[in-house]
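Listed here are the chains, written in short residue letters.
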Amino acid sequence: MSARPAIRDGLLICSGKYHHIDFARLELLALFQEHPHHRIRVEADYRGVEALEATDYLVTYTCEVVPNEAETMALERFVAAGGRWLALHGTNSALGYRKGEGWYARDAAQPFMELVGSQFQAHPPIAPYPVHVTQPLHPLVAGIERFEAQDELYLCDFFGEYEVLLHAEFNGETPGFVRSDWTDGAKRPVMYLKRHGEGEILYFNLGHARGHYDMRPLMDYYETIERGSWPKPEFQELLRRGIRWAAGELNG
């Protein structure tokens, strides 16, 4: 008789602007349910991090949601003490808009962005692009072949040391954003690991989702339903591995 797996308590923070948050939340909860011994608490913002000391792992899918100073310190303590954090898509996004100029990254919650390891700056118009496996022997991506994503290709500033597992290539302009020139020829990290103290953060920036009513108050009705990488089997497999990694059930 095999040993029963230990219960793993997870915290999911899922909320934000300009995305179909309900869709993403349900997709993630379905993946959590593949592990009956995982008990998931769902919060809409970072106030829930006050109970991180009783949490085994953290998953975030947010956009324009950033913690205050005390909440950032709680996140830092959690990771430094050995916690694992799977940060998805817009977790590193804090945008503002200047009329006549476009969207820009606000100087908001800089210690939080430095802890995560990156801050979103811009993305080109959504179009298919290849995602390359940077480290094919790493357990989080082993066996995954290069695949095509039709997603927001995040272009970011990065902080500290990190280990890139997936990357894309983009060399061009990003209309609609204040920082629009991305012609430096650099590879664009899509998934990376960042160590902090005894713990780690796994950032995976695919996963865009938008429905008809997600651009309010900018517009009442958005014509196109966008599901990004969610239908891709490679994306689903990478999420499954990310959850197992965060729960301490996959080394890497």
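Described below are features of the structure shown in this document.

Cut-off values and rules
- For every chain, the first residue of the written sequence is number 1, and numbering continues from 1 onward in sequence order.
- Thresholds applied to this predicted model are a pLDDT of at least 70 for local features of residues and 80 or more for the giving and counting of side-chain atom pairs; totals over whole chains, interfaces and linings are not thresholded and use all residues.
- Excluding hydrogens and water, the side-chain figures rest on all heavy atoms present in the structure.
- Secondary structure elements are taken from DSSP: a helix is a run of H or I of four residues or more, a strand is a run of E of two residues or more, and numbering for both begins at the N terminus.
- Only C-alpha atoms enter the radius of gyration, while the globule expectation follows 2.2 Å times N to the 0.38, with N the number of residues.
- Any residue under 20% of the maximum accessible area for its type is buried, any over 50% is exposed, and the rest in between are partly exposed; the area is computed with a 1.4 Å probe on protein chains only.
- Contact definition: two residues touch when any of their heavy atoms are within 4.5 Å.
- Methods summary: accessible areas were calculated by the Shrake-Rupley approach with a probe of 1.4 Å, and residue burial reflects only the protein chains presented.
- We define a salt bridge as a contact between a side-chain nitrogen of Lys or Arg and a carboxyl oxygen of Asp or Glu at a distance within 4 Å.
- Here a Phe, Tyr or Trp ring, Trp counted by its six-membered ring, pairs with any other such ring whose centre lies within 6.5 Å, and the pair is stacked when the planes are under 30 degrees apart, edge-to-face when over 60, and tilted otherwise.
- Should the NZ of a Lys or the CZ of an Arg lie within 6 Å of a ring centre and within 35 degrees of the ring normal, that charge is described as sitting over the ring.

1. Focus: the overall build of the chain
Working step 1: Check the secondary structure of the chain and you find four helices and 15 strands.
Working step 2: Relative to the compact-globule value of 18 Å for 252 residues, the chain shows a C-alpha radius of gyration of 18 Å, a close match.
Working step 3: A principal-axis box enclosing the C-alpha atoms of the chain has dimensions of 65 × 40 × 35 Å.
Working step 4: Counting over 252 residues, the chain shows a buried share of 53%.
Working step 5: In the chain, the proportion of contacts linking residues at least 24 apart, taken out of those at least 6 apart, comes to 71%.
Working step 6: Of the roughly 11,800 Å² that the chain leaves accessible, carbon and sulfur atoms contribute 50%.

2. Thoughts on the pattern of salt bridges
Working step 1: Taken as a whole and judged by the stated rule, the model has 15 salt bridges.
Working step 2: In this structure, Arg 84 and Glu 200 form a salt bridge, with 3.9 Å as the shortest nitrogen-oxygen distance. Residue Arg 84 is found in strand 4 (residues 84–88), and its partner Glu 200 is found in strand 15 (residues 199–204); the two are separated by 116 residues along the sequence.
Working step 3: The salt bridge involving Asp 184 is made with Arg 188; its shortest N-O contact spans 2.6 Å.
Working step 4: One continuous salt-bridge network, built from bridges that share partners, spans Arg 84, Glu 163, Arg 195 and Glu 200.

3. Remarks on the packing of aromatic side chains
The way to describe two aromatic rings as a pair is by their centre distance and the angle between their planes.
Working step 1: Counted by the stated rule, this structure contains 16 aromatic pairs.
Working step 2: Ring geometry for Tyr 192 against Tyr 203: centres 5.7 Å apart, planes inclined by 10°, an arrangement best described as stacked. Taken as a pair, Tyr 192 in strand 14 (residues 187–196) and Tyr 203 in strand 15 lie far apart in primary sequence, 11 residues in all.
Working step 3: The exposure class of Tyr 203 is buried, given its relative accessible area of 1%.
Working step 4: Grouping aromatic residues by their ring pairs yields a cluster made of Phe 23, Tyr 61, Phe 204, Trp 230 and Phe 235.
Working step 5: Taking NZ or CZ as reference, Arg 98 lies 4.0 Å from the ring centre of Tyr 104, over its face.

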